[in-house]
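# Reading the structure
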Amino acid sequence: MQYGDIVRVVTSGGCGWGNPAEREPLVVLQDGKDGFVSVHSACEDYGVVIEPDTWKIDWRQMQERRAAMPSSPPLFDRGSFYEQMEGARHRV
C-alpha cells in the first residue's frame, strides 16, 4: 500500500445490539426479504422461523425456538481460544 491508497472493508453485518431473540419478528422477516439475513440466519440467530416459499413466519415454531435460546447471550463472543487464554492468564 502507498500513501493515498483507499482500503474498503466489507463485513457481513453490523452485529447488532442486545438479545437477538428479542428482535421484532416482523423486522427480522423484512431483513430477510431485503437480503440482510438469510432464512437460515433468521432461524439460527434470531429464532424466527420463516417459510422460504411463502415468506411467512411460523409463529409456533418461533416461540419454541426462542424459548430454547439463551436469555442473555454474552455481549461479545471472542471465541473459545480467547477464553482458554484468559483462563490460563489467571492461573499463572
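Before reading on, note that the structure itself is shown above.
Because the structure is predicted, anything quoted here is derived from the model rather than measured.

### A short note on the environment of Trp59
Here Trp59 lies in helix H3 (residues 59-68). For the pair Trp59 and Val49, spaced 10 residues apart in the sequence, the C-alpha separation amounts to 7.3 Å. Apart from residues lying up to four places away in sequence, Trp59 is in contact with Pro25 and Leu26.

### Observations regarding a nonpolar patch on the surface
Together, Met1, Val7 and Val9 make up an exposed nonpolar region whose accessible area comes to about 380 Å². By secondary structure assignment, the location of Val9 is in the segment before helix H1 (25-33). Accessibility expressed as a relative area gives 68% for Val9, which makes it exposed.

### Quick look at helix H4 (residues 80-91)
The first and last C-alpha atoms of H4 sit 17 Å apart over 12 residues, in line with the 16 Å expected at 1.5 Å per residue. Across the 12 residues of H4, 0 count as buried, placing the element largely on the outside.

### Structural notes on the side chain of Asp31
Tracing the backbone shows Asp31 in helix H1. What Asp31 contacts, discounting residues up to four positions off in sequence, is Arg23, Phe36 and Val37.

### Notes on the pattern of salt bridges
For the structure on display, the rule yields 3 salt bridges. Between Glu64 and Arg60 there is a salt bridge, with its nearest N and O atoms 2.9 Å apart. With a gap of 4 residues between them, Glu64 and Arg60 both fall in helix H3, about one helical turn apart.

### Some points on the nonpolar core
In terms of nonpolar packing, the biggest core is built from 9 residues, these being Val28, Leu29, Val37, Ala42, Tyr46, Val48, Ile50, Ile57 and Met62. If you list the elements that add at least two residues to this core, you get H1 and helix H2 (39-46). The contacts of Met62, once residues within four sequence positions are left out, are Pro25, Gly47, Val48, Val49 and Ile57.

### A word on unusual backbone geometry
In terms of backbone geometry, most residues other than glycine have negative phi values and most peptide bonds are trans. Positive phi values are uncommon outside glycine, yet Trp55 reaches one of about 60°. Note on placement: Trp55 falls in the loop between strand E1 (50-51) and strand E2 (56-57). According to the relative accessible area criterion, Trp55 is partly exposed, its value standing at 31%.

Definitions and cut-offs
Residues numbered from 1 in each chain as written. Predicted model: local features only at pLDDT ≥ 70, side-chain atom pairs only at ≥ 80, totals over all residues. Heavy atoms only, no water. Helix = DSSP H or I, 4+ residues; strand = E, 2+ residues; numbered from the N terminus. Contact = heavy atoms within 4.5 Å. Patch = residues over 30% accessible without salt bridge, like charges linked within 9 Å, V, L, I, M, F, W, Y side chains within 5 Å. Areas by Shrake-Rupley, 256 points an atom, 1.4 Å probe, with all protein chains shown as cover. Salt bridge = Lys/Arg side-chain N within 4 Å of Asp/Glu carboxyl O. Buried < 20%, exposed > 50% of the residue type's maximum accessible area, 1.4 Å probe, protein only. Expected span 1.5 Å × (residues − 1). Core = buried A, V, L, I, M, F, W, Y, C linked by side-chain atoms within 4.5 Å.

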